[in-house]
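Spelled out, the chains give:
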Amino acid sequence: MNWLKWHLYLAAMCGLQMLLWLGSGLTLSLIDEDYLDSNRYRVDAIHTPIGTALHFDPERISLSNAVTEIRLDNLLSRPVYRVQLGEQSMSLWADTLEPLKLDDTLLREIAAASISVPLTPELQYVRGNEIGFPDSAKVALFQSQTARDTRVLVDADSGKLLGHKDMGSDLKELLLMLHFMDYAPGNGIAFNHIGIRVFALLTLLMVFTGALVVWQRWQAGFYRWHKADDRKSNPCLFVLDTQGSALGQFCAGPSLLESINAERPLLPTQCGGGGSCGLCTLVFIDAPPTATEADIKRLGKKVEQGHRLACQHGTYTGRVRLANKAQERYWHKQCQVSEPARNENV
Ligand code: FES
């Protein structure tokens, strides 16, 4: 299994989300708070109550279910009973005990009383879970005459004012959605939703595959300890061309590919050391290192003849030769001489 490839894919996904998280968080903290406030036209008027709440007697009213909760509220200054019947709910005018019937006119009155600017004649009904109010089945949406596209949202079943929205709050919701990774529309802002769980799982997998890559590389000799002087006194890798003529000698690097390409790119690569392109194949003349999974997957039976991917192996002492003429031509072209060049980075 090429764990490096999986690790890179996972790192790209997690990295992108981290950038979104960072960018949205920074924007939220730097942007002017007033710009994000959608309540600049909101009126929280205190009305003098009209009417007196009558005694609520469930026995005298035919109800579909047993009453589990009663709350006294007020709507446009009139008292209202909010009655919970198990999963269902209903509202009654408390001064007459008549059921609360909300038509377009009454909903408009409620919306207009909450804002200091006139509403436009438009009225639109939307489902609550489409606009971030999952607890409201139906929401009446009124537009107002402001440059900020202010909208008033009223629960069409209970008459409760849900809030005001405008271009500032739209931007805030977008930034919060990116920051909390909450990409389900109308979900409201919440922690521990499916998006965060998926991201946490991807991050764990990224760490796990990263540990596997380190383990594979350690086994391939990538992380050997070298004293500073070793680089000068112990050249370890001798590279020959396909005919057996010396091309250069190289000291230890993170991988054989990086040792050879330390000063100039003498060995070609397309995957950048990912173990998938096969362009860095070398033939090990002396005892070849143990073949890695990437060697076996990319080179098949050739591993038995000493072929290995230079990007998949670390420190090695001995001789290797280029695997084909194309590599040789590339090497000489990089050296810009027709004669084999001797690398002096020892
Ligand atoms: S650089 Fe691509 S397989 Fe080694």
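Cut-off values and rules
- Residues numbered from 1 in each chain as written.
- Predicted model: local features only at pLDDT ≥ 70, side-chain atom pairs only at ≥ 80, totals over all residues.
- Heavy atoms only, no water.
- Pairing = 2+ DSSP bridges.
- Helix = DSSP H or I, 4+ residues; strand = E, 2+ residues; numbered from the N terminus.
- Axes fitted to C-alpha atoms, helices over the stretch in contact; angles between N-to-C directions.
- Buried < 20%, exposed > 50% of the residue type's maximum accessible area, 1.4 Å probe, protein only.
- Core = buried A, V, L, I, M, F, W, Y, C linked by side-chain atoms within 4.5 Å.

## Here we look at the sheet that holds strand 7 (residues 161-165)
And step 1. Within the open sheet, the four strands sit side by side as 4-5-6-7. Their pairing is antiparallel. Either end of the sheet is taken by a strand with one partner, and the two such strands are strand 4 (119-127) and strand 7. Recorded for the sheet is a direction-independent mean angle of 20° between the axes of neighbouring strands.
And step 2. Both strand 6 (residues 151-155) and strand 7 contribute to a ladder of four bridges, which runs antiparallel. Within strand 7, the position partnered with arginine 151 by the bridge is lysine 165.

## Some points on the sheet that holds strand 2 (residues 78-85)
And step 1. Read from one edge to the other, the open sheet built from three strands follows the order 1-2-3, with strand pairing classed as antiparallel. Bordering the open sheet on either side are strand 1 (69-75) and strand 3 (88-93), each of which pairs with just one other strand. On average, each strand axis in the sheet is tilted by 25° relative to the strand beside it, whichever way the strands run.

## Remarks on unusual backbone geometry
And step 1. Here leucine 97, not a glycine, exhibits a phi torsion of approximately 60°, which is positive.
And step 2. As for its position among the elements, leucine 97 is in the loop between strand 3 and helix 3 (104-113).
And step 3. Accessibility expressed as a relative area gives 21% for leucine 97, which makes it partly exposed.
And step 4. Although it is not a glycine, methionine 181 adopts a positive phi angle of roughly 55°.
And step 5. Mapped onto the fold, methionine 181 is located in the loop between helix 4 (167-179) and helix 5 (194-219).
And step 6. We classify methionine 181 as buried; its relative accessible area is 9%.

## What about the nonpolar core?
And step 1. Membership of the largest hydrophobic core comes to 23 residues, with the highest contact counts inside it found for Leu237, Val239, Ile260, Leu267, Leu282 and Trp331.
And step 2. Listed by contribution, the elements that provide at least two residues to this core are strand 8 (237-240), strand 9 (246-250), helix 7 (256-260), strand 10 (281-284), helix 8 (293-299), strand 12 (318-322) and helix 9 (325-335).
And step 3. The element contributing the most residues to this core is helix 7, with three residues.
And step 4. With 17 residues, the next largest nonpolar core counts Trp93, Leu119, Val152 and Ala156 among its residues.

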